[in-house]
Amino acid sequence: MASILIRDALVVVTMDEARREIAGGSVLVQDGVIEAVGSDVPALRADEVIDAAGCVVTPGLVNTHHHLFQSLTRAVPLGQDALLFGWLEALYPIWARMGPEEVRAATALGLAELALSGCSTSSDHLYLYPNGVRLDDTIEAASAIGLRFHATRGSMSIGRSAGGLPPDDLVETESLILEDSARVVDAFHDARAGSMVRIALAPCSPFSVSRELMRDTALLAREKGVMLHTHLAENDEDVAYSLERFGCRPGQYALELGWTGADVWHAHCVELDTGEIGLFARTGTGVAHCPCSNCRLGSGIAPIRAMRDAGVGVGLGVDGSASNDAGHLLAEARQAMLLQRVANGADAMAAREALEIATRGGARVLGRDDCGSLSVGRRADVAIWDMTRIEAAGAWDPVAALVLCGPHPVRDLLVEGRPVVRDGRLVTVEEGHVLEDARRALGRLMA
């Protein structure tokens, strides 16, 4: 693989242990790994030089929670103004019409949007499998786009007739779920440093799977050495369901079934109380914070300031495009910062902390100690942001401007040292083909 020198940046934001910011800095990449970072990196050894004058260079952004299949159901009129449960009930019938082609098209569309916004690593939570859909369909689409992909084998097993929320025709038998979970781990999971695909196991939520499936999935994940993911304490309805159905709060439910630990991350956690935050901190359990989706569904403001202060690992997630309805990690970083200020005062979260959550924080939550910072030995996931554009005009602090201004499109994005975006355009796939596939799939769904 060719060596690449990213040269003479306005500032390189390393997100390393010291959180160094290097004015006039450069980054040297060799064979997909960062070989040097500093203000005096020699250019002689580079096969390619990327001029980063006027640009802020950061680690690629990390998306810790998404439902990429929902990229074809943005701004659906039904459920547009509903709370979580009502919104889900309105959209389940549409999602039930999806097949493999729709899921592949939606996944490519969502990942293309993420790439153009500077995201180098994304998780995806696929929890329904109608009409022959398999997790393999999302992995195929992700491979074409070129992002690191944490595909989670989601599941729903308790339909409406058994007291769950989803319709009966969208749930699977638990034996099939566990069998297919083992299959996709064996087929696709790559635990090596620099891996492009990892698998996690992810029952959808306490209101769509049984206690037994939650427990058995945790046992299987630990047998296979993969991570666990689910939704937890998303809003008041979610907590009320847990109290009525299980006789305990969501955190206690998670603890009893083996769903805490450094190999677990939960989405949303808007309604965690002080005791649950302490539990997550003690056990190393991570949180995917989805501020725009939480606002869209009226779920509330997650106590991220309290979580961070307690030592809980927090990353950002855009969540499904049907509940956001966009896929831009810098927009999530800005919203996260603003919501903590609304809840706790103007000094509750700085722009740089929000940017750290979007990069280093997300890598920690996904168990990626090989990504998330620009330091020697880490994988070369690098985002280059042009700060000479109109979005940042007039900014005195270009690093803070990434979060405070914008939203900004990424100029260049490298993943594992390979270009995915150059000069604001996708280079791994033809953008027009992605859009055409999405249009055709959307037409089938709307028909």
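Preceding this paragraph is the structure being described.
Residues numbered from 1 in each chain as written. Predicted model: local features only at pLDDT ≥ 70, side-chain atom pairs only at ≥ 80, totals over all residues. Heavy atoms only, no water.

Participant: Help me understand the overall build of the protein, please; the structure alone is not making it clear to me.
Facilitator: Scanning the protein for helices and strands turns up 14 helices and 19 strands. The globule rule puts the C-alpha radius of gyration for 447 residues at 22 Å, and the 21 Å found for the protein is close to it. Taking the principal axes of its C-alpha atoms as reference, the protein extends roughly 65 × 45 × 45 Å. In the protein, buried positions account for 61% of the 447 residues. Long-range contacts, defined as pairs at least 24 residues apart, comprise 74% of the intrachain contacts of the protein with a sequence gap of at least 6. As displayed, the protein has an accessible area near 16,000 Å², and 53% of this comes from carbon and sulfur atoms. Of the charged side chains in the protein, 40 are positive and 60 negative; the average position of the first set lies 2 Å away from that of the second. (Helix = DSSP H or I, 4+ residues; strand = E, 2+ residues; numbered from the N terminus. Rg over C-alpha atoms; globule rule 2.2 N^0.38 Å. Buried < 20%, exposed > 50% of the residue type's maximum accessible area, 1.4 Å probe, protein only. Contact = heavy atoms within 4.5 Å. Areas by Shrake-Rupley, 256 points an atom, 1.4 Å probe, with all protein chains shown as cover. Lys, Arg positive; Asp, Glu negative; His and termini not counted. Charge placed at Lys NZ, Arg CZ, Asp CG, Glu CD.)

Participant: Looking at this structure, I do not really get the environment of D137. What am I missing?
Facilitator: Mapped onto the elements of the fold, D137 is located in helix α3 (residues 135–145). When the C-alpha atoms of D137 and P100 are compared, they prove to be 6.3 Å apart, with 37 residues separating the residues in sequence. In contact with D137, not counting residues within four places along its chain, are P100, V103, R104 and G132. Of the polar contacts made by the side chain of D137, one reaches the side chain of R104; its length is 2.9 Å. (Polar contact = N/O pair within 3.5 Å; in protein donor to acceptor, adjacent residues only side chain to side chain.)

Participant: What is the right way to read the sheet that holds strand β5 (residues 33–38) from this model?
Facilitator: Hydrogen bonding along the main chain pairs the strands of a sheet, whether they run parallel or antiparallel. Taken together, the four strands give an open sheet; going across it, the order is β5-β4-β1-β6, and neighbouring strands pair in mixed fashion. Of all the strands in the sheet, the pair left with one neighbour each is β5 and β6 (48–51). Neighbour-to-neighbour, the strand axes of the sheet open up by a mean angle of 15°, direction not taken into account. Of the pairings in the sheet, the one linking strand β1 (residues 4–7) to β6 comprises four bridges and is parallel in character. Each residue of the ladder has a partner; that of R7, found in β6, is D51. (Pairing = 2+ DSSP bridges. Axes fitted to C-alpha atoms, helices over the stretch in contact; angles between N-to-C directions.)

Participant: What exactly am I supposed to notice about the state of the cysteines here?
Facilitator: When the sulfur atoms of two cysteines share a covalent bond, that bond is a disulfide. Counting across every chain of the model gives zero disulfides. Free cysteine C55: the closest other cysteine sulfur is in C405, separated by 15 Å. C55 gets classed as buried once you look at its relative accessible area, which sits at 0%. Cysteine C295 remains unbridged, with the sulfur of C292 as its closest cysteine sulfur at 6.5 Å. (Disulfide = S-S within 2.5 Å.)

Participant: Honestly, the pattern of salt bridges in this entry has me stumped. Any pointers?
Facilitator: Close approach of charged atoms allows side chains of opposite charge to pair. Applying the stated criterion across every chain, the model contains 39 salt bridges. Here E276 and R249 are joined by a salt bridge, their closest N and O atoms 2.8 Å apart. Of this pair, E276 sits in helix α8 (residues 274–283) while R249 is found in the loop between α6 (236–246) and α7 (250–256), placing the two residues 27 residues apart along the sequence. Of the charged contacts, one joins R389 and E391 as a salt bridge, the two residues approaching to 2.8 Å between their closest N and O atoms. When its relative accessible area of 23% is taken as the criterion, E391 is described as partly exposed. Through salt bridges that share partners, R19, R305, R308, D309, E353 and E356 make up one connected network. (Salt bridge = Lys/Arg side-chain N within 4 Å of Asp/Glu carboxyl O.)

Participant: What's the story with the pairing of β1 in this structure? I'm lost.
Facilitator: In regular strands, side chains alternate between the two faces of the sheet. Sheet topology places β1 next to strand β4 (residues 26–30); three bridges connect them, and they run antiparallel. Bridge pairing in β4 places L5 opposite L28.

Participant: Which parts of the structure should I look at to understand the packing of aromatic side chains?
Facilitator: Each aromatic ring pair is summarised here by two numbers: the centre-to-centre distance and the angle between the ring planes. Here the structure, examined in full by the defined rule, presents eight aromatic pairs. Seen in terms of ring centroids, F207 and Y241 are 6.2 Å apart; in terms of plane orientation they differ by 80°. Their pairing is edge-to-face. With F207 in the loop between β11 (197–203) and α5 (211–224) and Y241 in helix α6, this pair connects stretches of sequence that are 34 residues apart. For the pair shown, F207 and Y241 are each scored as buried. Counting every residue linked through ring pairs, the aromatic cluster contains F69, W87, Y92, W95 and Y127. Directly above the ring of Y129 sits R153, whose terminal nitrogen or CZ lies 4.1 Å from the centroid. (Phe/Tyr/Trp six-rings, centres within 6.5 Å; stacked < 30°, edge-to-face > 60°. Lys NZ or Arg CZ within 6 Å of the ring centre and 35° of its normal.)

Participant: Quick question: what am I supposed to make of empty space enclosed by the protein here?
Facilitator: Over the atoms rolls a probe the size of a water molecule, and in doing so it shows where empty space is left. Summed over the entire model, instances satisfying the criterion amount to one cavity of 30 Å³ or more. Of the volumes computed, that of the largest cavity is approximately 120 Å³. Lining the largest cavity we find 16 residues, and of these L84, W87, L88, H231 and E234 sit closest to its centre. Here the lining of the largest cavity takes four residues from helix α1 (residues 84–95), the largest share from any one element. Residues belonging to the lining of the largest cavity are distributed by class as follows: eight nonpolar, six polar and two charged. (1 Å grid on protein atoms, 1.4 Å probe; cavity = no way out; pocket = protein on both sides within 12 Å on 5 of 7 lines; lining within 4 Å. Points joined across faces, edges and corners; volume = space filled by probe spheres on them. Nonpolar A, V, L, I, M, F, W, Y, C, P; charged D, E, K, R; others polar.)

Participant: Would you explain the sheet that holds strand β7 (residues 55–59) in this entry?
Facilitator: Taken in spatial order, the seven strands make up an open sheet running β3-β2-β7-β16-β17-β18-β19, and their pairing is mixed. Every interior strand has two partners, whereas the edge strands, β3 (21–23) and β19 (425–426), have only one.

Participant: Would you mind showing me how to read the side chain of T217 here?
Facilitator: Tracing the sequence through the fold places T217 in helix α5. T217 has contacts with L178, L201, P203, L228 and W259, leaving out every residue within four places of it along the chain.

Participant: In this structure, what is going on with the pairing of strand β10 (residues 148–155)? I would like to understand it.
Facilitator: Among the eight residues that make up β10, eight are buried, leaving the element largely enclosed by the rest of the structure. Residues R148, H150, T152 and G154 of β10 are buried on one face, and the alternating residues F149, A151, R153 and S155, pointing to the opposite face, are buried as well. Sheet analysis places strand β9 (residues 119–126) next to β10, joined by six bridges and oriented parallel. Note that in β10 the partner of S122 across the bridge is F149. Between the parallel pair β9 and β10, the chain is carried across by α3, and the sense of this crossover is right-handed. As judged from the seven bridges shared by β10 and β11, these two strands associate in the parallel manner. (Right-handed = clockwise from strand over helix to strand, strands pointing away.)

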